[in-house]
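Below, each chain spelled out in residue letters.
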Amino acid sequence: MKTLGIVRRVGVLIGRRGASLLFVGMLSFVLAASIAFAPAPQRASPAYLVLSDLAPLWAWAAAWAVSGAVCWVQAFVRQDRIAFALATAMWWAYGLAAIVGYFTGVNPRGWVAAGIWILFGGWLNLIATWPESADLLPEGRRHARRD
Amino acid sequence: MPAVTDLLIQVAIGAVPLGVAYLAYRSATEANKRNLAMEGQKVDQAAYDRAQGIYEKGMSQLEKQLERAQDQIDSLEEAVLMLRAQLIQAGIPPDPRTLTVQITTRRDES
């Protein structure tokens, strides 16, 4: 019961936009780890070959990690625009990389990944436009501080 | 030629995410502004509700005090009437001013 209260309080604190950013941030960290610690056979796969052609894999991993960190930080503050911009850019960039792999013939199944990444990026674009639910904006919560 | 194509691809991969990031940035800014406006409205509403509560509580206290004062006035009037009657019975004529006050009070009530 107490745990439920804490979860509810955190939910009110971060709101739905914040929860979305926490989720996207977690995905970003998972992706960063998967790229950074990819085993050699994985690095030789078509998708990774395309990625490493465009930029070093460590750079992709670092970009995802930065995106995740910004998402997690801005989930708890009033202004979350940088997190949304960064996360959207990363998902689109990843999707476009997959498209390039498909059209260049390096990754014949690239269209699947491209569809998923770009659609998710578009979904993030949509979430960025949504204002917080009025129910989750009681007077004097995280938005009480005026800047 | 392949070098130019590669360059174009790389520019596109850089430019498109930047474009959508800018869109997301603007959308999020707008959404944040709307959040702020909604929050302001909620703060105003809460302040209004609190003020109304205080006002209504004050009014009900005043009404109770008024009722109590009215009861006291009634009992005092009864006491005056009783004392007048006792004075008359005792053969002492009451002060005519008290009669005037009583008549005035009765007129006001009617």
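Reading the values: rules and limits
Residues numbered from 1 in each chain as written. Chains lettered and ligands numbered in written order. Predicted model: local features only at pLDDT ≥ 70, side-chain atom pairs only at ≥ 80, totals over all residues. Contact = placed C-beta atoms within 7 Å. Nonpolar A, V, L, I, M, F, W, Y, C, P; charged D, E, K, R; others polar. Core = buried A, V, L, I, M, F, W, Y, C linked by C-beta atoms within 7 Å. Buried ≥ 20, exposed ≤ 12 C-beta atoms within 10 Å, placed from the backbone. Helix = DSSP H or I, 4+ residues; strand = E, 2+ residues; numbered from the N terminus. Axes fitted to C-alpha atoms, helices over the stretch in contact; angles between N-to-C directions. Parallel < 35°, antiparallel > 145°, perpendicular 65-115°, else oblique. Left-handed = near helix turned anticlockwise from the far one by under 90°. pLDDT = per-residue confidence, 0-100. Expected span 1.5 Å × (residues − 1). Bend = angle between axes of the 7 residues up to and from the residue.

Turning our attention to the interface of chain B and chain A. Taken together, the contacts link 24 residues of chain B with 28 residues of chain A. Classifying every residue of the side of chain B that touches chain A gives 16 nonpolar, five polar and three charged.

It is worth spelling out the nonpolar core at this point. Ala87, Met90 and Ala97 of chain A are the most contacted members of the largest nonpolar core, which totals 42 residues. Breaking this core down by element, the ones donating at least two residues are helix H1 (2–36), helix H3 (46–54), helix H4 (57–74), helix H5 (81–104) and helix H6 (110–129) of chain A together with helix H1 (2–89) of chain B. Setting aside its immediate chain neighbours within four residues, Ala87 of chain A contacts Val24, Ser28, Ser67, Cys71 and Leu124 of chain A.

This next bit is on the packing of H1 of chain A against H4 of chain A. Packed helix pairs are specified by the crossing angle of their axes together with the interaxial distance, meaning the distance between the axes. All names here are of chain A. Put simply, H1 and H4 touch, their axes get as near as 8 Å, and they point 160 degrees apart. In this view, H1 runs roughly antiparallel relative to H4, as classed from their interaxial angle. When you trace H1 past H4, the crossing you get is left-handed. Together, Leu21, Leu22, Val24, Gly25, Ser28, Phe29, Leu31, Ala32, Ile35 and Ala36 of H1 and Leu57, Trp58, Trp60, Ala61, Trp64, Ala65, Ser67, Gly68, Cys71, Trp72 and Gln74 of H4 make up the contact between the two elements. Among the residues making up the contact of H1 with H4, the classes are represented as 16 nonpolar, five polar and no charged.

So, on to the packing of H3 of chain A against H5 of chain A. Residues and elements named next belong to chain A. Two numbers describe how H3 lies on H5: the axes approach to 9 Å, and their chain directions differ by 110 degrees. As summarised for this structure, H3 and H5 are arranged roughly perpendicular, according to the angle between their axes. Classified by chirality, the crossing of H5 by H3 is right-handed. Together, Pro46, Ala47, Val50, Leu51 and Leu54 of H3 and Ala97, Ala98, Val100 and Gly101 of H5 make up the contact between the two elements. Grouping the amino acids of the contact of H3 with H5 by side-chain chemistry returns eight nonpolar, one polar and no charged.

For chain A, per-residue confidence averages 87 on the pLDDT scale, and residues scoring 70 or more make up 91% of the total. Counting contacts from residues 140–147 of chain A, a segment whose pLDDT is below 50, to residues more than four positions away or on other chains yields nine contacts.

Quick look at the environment of Val50 of chain A now. All names here are of chain A. In this fold, Val50 is placed in helix H3. What makes Val50 buried here is the crowd of 20 C-beta atoms within 10 Å. It is 9.3 Å that separates the C-alpha atoms of Val50 and Tyr102, two residues lying 52 residues apart in sequence.

Take H1 of chain A next. Residue and element names in this part refer to chain A. Compared with the 51 Å implied by 1.5 Å per residue over 35 residues, the 38 Å span of H1 between its first and last C-alpha is markedly short. Along its length, H1 shows its largest kink, about 95 degrees, at Gly15. Along H1, the positions that sit buried rather than exposed are Ile14, Gly15, Arg17, Gly18, Ser20, Leu21, Val24, Gly25, Ser28, Leu31, Ala32 and Ile35. Considering only its buried residues, H1 is in contact with H4, H5 and H6.

Per-residue pLDDT for chain B has a mean of 84; in total, 85% of the residues score no lower than 70. As a predicted assembly, this complex carries a pTM of 0.68 together with an ipTM value of 0.79.

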